[in-house]
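Residues per chain, in single letters:
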Amino acid sequence: MRIRKRWHHAENCIPVSAFQTHTRALRANLSRLEIDIQHIVCEGNKAATVHVARITHLSGEESLIKVVAFYQFREGRICLVDELTHLLKGNEKDQNLGALQ
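Residues numbered from 1 in each chain as written. Predicted model: local features only at pLDDT ≥ 70, side-chain atom pairs only at ≥ 80, totals over all residues. Heavy atoms only, no water.

Caption draft 1: A look at the side chain of Ser63. Tracing the backbone shows Ser63 in strand 4 (residues 62-74). By relative accessible area, Ser63 is classed as buried at 2%. Among the polar contacts listed, one links the side chain of Ser63 to the side chain of Asp94, at a separation of 2.5 Å. Ignoring sequence-local partners within four residues, the contact set of Ser63 consists of Ala53, Arg54, Ile55, Leu87, Lys89, Gly90, Asn91 and Asp94. (Helix = DSSP H or I, 4+ residues; strand = E, 2+ residues; numbered from the N terminus. Buried < 20%, exposed > 50% of the residue type's maximum accessible area, 1.4 Å probe, protein only. Polar contact = N/O pair within 3.5 Å; in protein donor to acceptor, adjacent residues only side chain to side chain. Contact = heavy atoms within 4.5 Å.)

Caption draft 2: Looking closely at helix 1 (residues 16-29). With 14 residues, helix 1 extends 20 Å from end C-alpha to end C-alpha; this agrees with the ideal 20 Å at 1.5 Å per step. Taken residue by residue, helix 1 has Ala18, His22, Ala25 and Leu26 as its buried positions. Within helix 1, the buried residues cover an arc of 100 degrees as seen down the axis, which keeps them to one side. Away from the buried face of helix 1 by more than 90 degrees, exposed residues Arg24 and Arg27 are located. (Expected span 1.5 Å × (residues − 1). Arc of directions from axis to C-beta.)

Caption draft 3: How the structure looks around the pairing of strand 4. In this structure, strand 3 (residues 46-57) lies alongside strand 4, joined through 11 bridges in antiparallel fashion. Bridge pairing in strand 4 links Val50 to Val68. Between strand 3 and the antiparallel strand that follows it, strand 4, lie four residues; Gly60 among them carries a positive phi value of about 100 degrees. Two elements, strand 4 and strand 5 (residues 77-89), share 11 bridges in a ladder whose sense is antiparallel. (Pairing = 2+ DSSP bridges.)

Caption draft 4: Fine view of a nonpolar patch on the surface. Nonpolar side chains collect at one region of the surface, where Leu33, Ile35, Ile37 and Ile40 lie side by side and expose about 380 Å² of accessible area between them. Tracing the sequence through the fold places Ile40 in strand 2 (residues 30-43). According to the relative accessible area criterion, Ile40 is exposed, its value standing at 53%. (Patch = residues over 30% accessible without salt bridge, like charges linked within 9 Å, V, L, I, M, F, W, Y side chains within 5 Å. Areas by Shrake-Rupley, 256 points an atom, 1.4 Å probe, with all protein chains shown as cover. Salt bridge = Lys/Arg side-chain N within 4 Å of Asp/Glu carboxyl O.)

So this is what it looks like as structure tokens:
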């Protein structure tokens, strides 16, 4: 199963508080998170990555998720995140971990 997530804020930049909330939610639910960036391309105010996230829940359950992501920046801030995720191993609920708040 693949899930596409597009995150674009109405004011053209995603608030820092949204990332802080996301980070706190990950820390509350995971005991470990490793990101392996396999490819990265940057051009002007845009970047794209292919990365694999290896996660371990507090329960010890593990998942492996492949992510293809596109980012757009404005004035040093992220304005757009467009991700396509693919669960390689683990629980299907982890498919949408990038949207955890």
